[in-house]
Every structure is written in C-alpha cells, then in structure tokens.
Amino acid sequence: SPVVLTIRRPGSPELFDVTVNREAIEIPAVVYEPQADGKVARITVSIFGDNTTRELDAALKRAKEEGVTGIVLDLRGNGGGWVTSAQEMIGRFIPEGAGPALYQDLDLQDDDDLISEPIVGGGETAYEIPLVVLIDGGTASAAEIVAGAVRDYERGTLVGEPSFGKGLVQRVHDFDDGSSARITFARWLTPNKSPIPDDGLAPDISVATDPSAASDSQLERAVEVVLGTPATANAAD
C-alpha cells in the first residue's frame, strides 16, 4: 500500500513529499549455502517458526540431490521458537524410534514428574550424512533442544561457543493495565534427562569468534570436522 513521506533535509527549510509503497518483506527461516566446493551443505536456521520445517525439508532435499559429504547446521543466533518445530527438526536427523526428543519437567525440582515429548518424523531425512551443529551465545531455547538431542543421540558434533542457557518453559500473562507477567512453570530436559545449564550447552569443540577476522573461523572448523580433515591453527579444542 502507498504511504506519503514528508521530508525536510538539513540546511533547507522546504518540505517535499515522496510516495513510497509498503510491502511485506519475507525473511526465510532457512538458508542453504554450499561449502568446500559443494561437498558440505551449510544450513542456517534463524528461527523455529511456522515455515521452518518446510524450508528445512527443501534444504535437505537439495543437499541429498547434490550428494553432499556432510551438513553443517548453523544455529548461531537462533533464539528459538516453536518447540514442535524443534521436534520436527530432530526428526529429520534422528529416527522417531530412537527415543524422546526432550522431556518436560513440571516439578522443576527432580525427575519424578517428567513428560516425554516425541521426535516428530516425516518429510526429508538425513540420518546417515555426517552432521555438525554450530552454536554460540545466541543459540537459545528450541535451538538448544535440537543441539542437546543431537549430542545425546551421538548424531553429531557441537562446534562453537556455549549456548545461551534457556531451558525454562514460560507463559506470558497480560493484564488490563497493559502490564504482563512471565511465569516459569516447567523446564526442558534433553533426551538423557539433563537440564540445559544456566550457562548454556558447552560445545564439543570450542572455537572462539573473532569479530576482527576476515573469515568465519567457527564455520571453517565445522567444515573441517564434518569432512574429517585436520584442524587449523585458529581453532582451539
């Protein structure tokens, strides 16, 4: 739809109008990028939303069609989203019969009141392709659920920095005066019944980020790991 902007520039007292069109901007939840001359598929997932599973299926289909040797699932900066989407992502890499995707602990104190949440299968699967999951301090909630399941089932390797550490389940209650309260009523546990630590999931291979570097050392190390090639000097185990 059109909208008229009235603009005045510095140094000029005159106003002028510009008509621009507003449009919905769709940002994909999943981005596919070939690495290592096409031998590795880097699949970046930014959020666990309504379209994530469908877009992930398309990425996995492309990876298999291109015959990749490995997959780097990049969950850095992924703040989470729908838990059902996380269960579906786990089901793309781990068979449903392997066990639960996660547990929900309603008691918050011990493991006596756990609810098992299943792995959700369907769509494209990549059970045998070597897998590395990239995590960092922005990897939270549903993204940590996926990373925890991948490690517990020994399906892949976690590379990068410790995740955010949000294993709590919360409900937001809105009030008439505009205020709200976020109430924690449960916590998530990984398939091994381990809570997500407050200081996050520790990676199997620690690689510090260097904002001044021209290259992505964490991604480079992930590609090396998934291909089984030697580590470079800029990565620290």
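Residue numbering note: each chain is counted from 1, following its sequence as written. Residues qualify for local features only when their pLDDT is at least 70, as the model is predicted, and side-chain atom pairs are given and counted only at 80 or more; totals for whole chains, interfaces and linings, by contrast, use all residues. Side-chain metrics in this entry use all non-hydrogen atoms of the structure; hydrogen atoms and water are not considered.

Novice: Looking at this model, I keep getting lost on the packing of helix α2 (residues 83-93) against helix α3 (residues 142-152). Mind explaining?
Specialist: Packed helices, taken two at a time, are described by their axes: the angle between them and the distance between them. At a minimum axis distance of 9 Å, the contact between α2 and α3 shows a crossing angle of 25 degrees. Relative to α3, the element α2 lies roughly parallel. Considering the relative orientation of α2 and α3, their crossing is right-handed. Two secondary-structure elements touch here, α2 through Val 83, Ala 86, Met 89 and Ile 90 and α3 through Ala 142, Ile 145, Val 146 and Ala 149. Of the residues contributing to the contact of α2 with α3, the split by class is eight nonpolar, no polar and no charged. What counts as an axis is a line fitted to C-alpha atoms, over the stretch in contact for a helix, and the angles between N-to-C directions run from 0 to 180 degrees. For helices the rule is a DSSP run of H or I covering at least 4 residues; for strands it is a run of E covering at least 2, with both sets numbered from the N terminus onward. Roughly parallel here means an angle under 35 degrees, roughly antiparallel means over 145, roughly perpendicular means 65 to 115, and every remaining angle is called oblique. We call a crossing left-handed when the near helix sits turned anticlockwise from the far one by less than a right angle, and right-handed when that turn is clockwise. Contacts between residues were defined by any pair of non-hydrogen atoms, one from each residue, lying within 4.5 Å. Classification used: nonpolar for Ala, Val, Leu, Ile, Met, Phe, Trp, Tyr, Cys and Pro, charged for Asp, Glu, Lys and Arg, polar for all others including Gly.

Novice: What is the right way to look at the packing of aromatic side chains in this model?
Specialist: Given two aromatic rings, their pairing is described by the distance between the two centres and the angle made by the two planes. Any two rings among Phe, Tyr and Trp, with Trp reduced to its six-membered ring, count as a pair given centres within 6.5 Å; such a pair is stacked if its planes are under 30 degrees apart, edge-to-face if over 60, and tilted if neither. Taken as a whole, this structure holds zero aromatic pairs when the rule is applied. Counted as over-ring charges are cases with an Arg CZ or a Lys NZ within 6 Å of the ring centre that also lie within 35 degrees of the ring normal. One Lys or Arg, Arg 171, reaches over the ring of Phe 185 and ends 3.9 Å from the middle of that ring. Over the face of the ring belonging to Tyr 103 we find Lys 193, whose NZ or CZ atom lies 5.4 Å from the ring centre.

Novice: Explain the sheet that holds strand β11 (residues 180-189) to me, please; I cannot follow it from the model alone.
Specialist: Pairing between the strands of a sheet is mediated by backbone hydrogen bonds and can be parallel or antiparallel. Between any two strands, at least two bridges found by DSSP are needed for them to pair. If you walk across this open sheet you meet the four strands as β7-β6-β11-β10, and the pairing is antiparallel. At either end of the open sheet lies a strand with only one pairing partner, and these are β7 (114-118) and β10 (168-174). Strand-to-strand twist in this sheet, taken as the mean axis angle between neighbours without regard to direction, amounts to 35 degrees. As judged from the five bridges shared by strand β6 (residues 100-105) and β7, these two strands associate in the antiparallel manner. Directly across from Gln 104, in β7, lies its bridge partner Ile 115. Contacting β6, β7 and β11, α2 crosses the sheet at an angle of about 150 degrees to β6.

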